[in-house]
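Listed below, chain by chain, are the residues.
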Amino acid sequence: MDSNAEIGNRIKYARDLREVTLDDIATKVGVAKSTIQRYETGKITTIKIPVVESIAIALNVNPAWIVGKSEEMELPSQKVPKIMQYYELLNDIGKHEAEKRVEEMTHAPQYMKEDTDYLAVKAAHNDAEITDEELEKMERDSALIVEMAKKKR
């Protein structure tokens, strides 16, 4: 990255996105509010990497992104599947509908992982030969389904 102003823009962008105040960041980093403000406006003449790293940690973003060494703003462990991002936008009624639709998809073989196939196929046929291991797995899954049903009540 070629300028302090660009680093400042990324800090400001992340702070606004996270809805965090200058005071909050300054407290977490252990510097004055004015220091964070100077970083954001590009008025810091000497960028201190430990301070920038602390700011990134306080903002929960990738420090390499702040200094322009990465295009990934989010830390790898923070990446949330898009379906969850959409889910979080829904009200309670929408969330209930989304859950029903995802559950419906689990009944369609074309949407299921191959290793979950055994339960639907074997359970539908009493005459199927199954191993003790498969039987144990089906029993565990059945118990899990019962527990999930109890929680919904």
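Please refer to the structure placed before this passage.
Before going into details, it helps to say that this report is about the structure given with it. Predicted model, so just to flag it, every value in this text is computed and none were measured.

One pass over the structure, following the stated rule, counts 5 salt bridges. Across the pair Glu 74 and Arg 18 runs a salt bridge, and its minimum N-O distance is 2.9 Å. Of this pair, Glu 74 sits in the loop between helix H5 (63–66) and helix H6 (82–89) while Arg 18 sits in helix H1 (residues 4–18), and the two are 56 residues apart along the sequence. The class for Glu 74 is partly exposed, based on a relative accessible area of 24%. Linking Arg 101 and Glu 97 is a salt bridge whose minimum nitrogen-to-oxygen distance equals 3.9 Å. Of the two residues, Arg 101 and Glu 97 both sit in helix H7 (residues 92–105), 4 residues apart, roughly one turn of that helix.

Below, the discussion takes up unusual backbone geometry. Its identity is not glycine, yet Glu 19 carries a phi of approximately 55°, on the positive side. Within the fold, Glu 19 resides in the loop between H1 and helix H2 (22–29). On the basis of relative accessibility, which here comes to 73%, the residue Glu 19 falls in the exposed class. For Asn 60, which is not a glycine, the phi torsion comes out positive at approximately 60°. Following the sequence through the fold, Asn 60 ends up in the loop between helix H4 (49–59) and H5.

What counts and how
Residues numbered from 1 in each chain as written. Predicted model: local features only at pLDDT ≥ 70, side-chain atom pairs only at ≥ 80, totals over all residues. Heavy atoms only, no water. Salt bridge = Lys/Arg side-chain N within 4 Å of Asp/Glu carboxyl O. Helix = DSSP H or I, 4+ residues; strand = E, 2+ residues; numbered from the N terminus. Buried < 20%, exposed > 50% of the residue type's maximum accessible area, 1.4 Å probe, protein only.

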